[in-house]
Each structure stands twice: as structure tokens, then as C-alpha cells.
Amino acid sequence: MTPFELAEKLHASDVVLLAGRLLLSLIFVHEGLQLATHFEGAEKAMAALGVGTPLLLATIALQLGAGLSLALGILARLGAIGLGLFCLMTAGLFHTNFASQSELLHFEKDLAIAGGMFILALAGSGRLSMDRVLAGFAKDTEIDPPVEQHLSVGETSPPA
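Our subject in this report is the structure included herewith.

Cut-off values and rules
- Residues numbered from 1 in each chain as written.
- Predicted model: local features only at pLDDT ≥ 70, side-chain atom pairs only at ≥ 80, totals over all residues.
- Heavy atoms only, no water.
- Core = buried A, V, L, I, M, F, W, Y, C linked by side-chain atoms within 4.5 Å.
- Buried < 20%, exposed > 50% of the residue type's maximum accessible area, 1.4 Å probe, protein only.
- Helix = DSSP H or I, 4+ residues; strand = E, 2+ residues; numbered from the N terminus.
- Contact = heavy atoms within 4.5 Å.
- Phe/Tyr/Trp six-rings, centres within 6.5 Å; stacked < 30°, edge-to-face > 60°.

Grouped together as the largest cluster of nonpolar side chains are 14 residues, with contacts concentrated most on Phe-28, Leu-70, Ala-80, Leu-83 and Met-117. Of all elements in the fold, only α2 (12-37), α4 (53-72), α5 (76-94) and α6 (101-123) reach the threshold of two or more residues within this core. Ala-80 has contacts with Leu-70, Met-117, Leu-120 and Ala-121, leaving out every residue within four places of it along the chain. Judged by nonpolar contacts, the second largest core, of 6 residues, contains Leu-35, Ala-42, Met-46 and Val-51.

For the structure shown, the criterion picks out 2 aromatic pairs. With a centroid separation of 6.5 Å and an interplanar angle of 70 degrees, the aromatic rings of Phe-28 and Phe-86 are classed as edge-to-face. Linking Phe-28 in helix α2 with Phe-86 in helix α5, this pair joins segments that are 58 residues apart in sequence. Of the residues examined, Phe-86 reaches a relative accessible area of 16% and is grouped as buried. Where Phe-98 meets Phe-107, the ring centres are 4.9 Å apart and the plane angle is 70 degrees; that geometry is what we call edge-to-face. On the accessibility criterion, Phe-98 (44% relative accessible area) is partly exposed.

Printed below as a string of C-alpha cells:
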């Protein structure tokens, strides 16, 4: 048995997708909880950056909602797209002072996280997700299609 056959049998890709979802969601759930539990301080800090209370509330809702959707694997593709776009906007709006090494690092980090989110949006949440559990209750419903292997190029993509 080759390593690829063994990994396929053990569904290693699903374990990796679960670990990736959890790691990517951690920063957003943590930050959303921090903003929510320290709302007055966050409100003042955001106001100094020109961000009003309605946008702060939307940020908290996005970070908690989409972060939990990734962690649990419920509509994870949608959550990943939302958080990927959020990271791109955050990088472009708040981290463009490239004279500061710290700001450059935050800019690059946001771009890297956005890239990971878009890859997750393409890959889906895998078998170890609540979408799969819920799909089992709704027969003949395929919420997150499996990834097919293209033999000619060795890449994976969702089926058409």
C-alpha cells in the first residue's frame, strides 16, 4: 500500500481540513470575543481609526459568525469567503504604512490569511464537519461535494 493509498483510506485530507479550519478560525473567534467583551475600549479605539459603532458591530458579528462557521464546518465555504474578503479589506484600509515593519507584517499576514480562506472556500470543509452531519439527516442533499482528483494534472477541484 502506497502512502497515498493509506492517506486516502484514513481520510487524512479530512483531518487536515479540520485542523486547518480550526487554526484559521481561532484568530477570528478570539478577536471577536475580545471586541465583544471589551466593547467600550474597542469602540474608542475604532473611532480613532474612523470606524463607527455600526461597523464595529458588523465586524464582531462577522468574526464570531464566520469564525464559528469555519470551526464547526457549517456553511464553511461562505464563512471562508467572508473572512477572506474581510482580511483583504483590513490589509488595504489599515495596514498600508509600509515604512513601519510592524504594519508591513500585518499587511502580509492579512494577505496570507485571505489566501488560506480562499483555498478553504474551494476545498470545502471535508467530511469532518457539521454540514456532513446535517446532510445525513437530509437524504439526497449534497451540501459540500467531495473533491475529485484530476489525473492529468494532479490537482484537485470541486466537481462541475
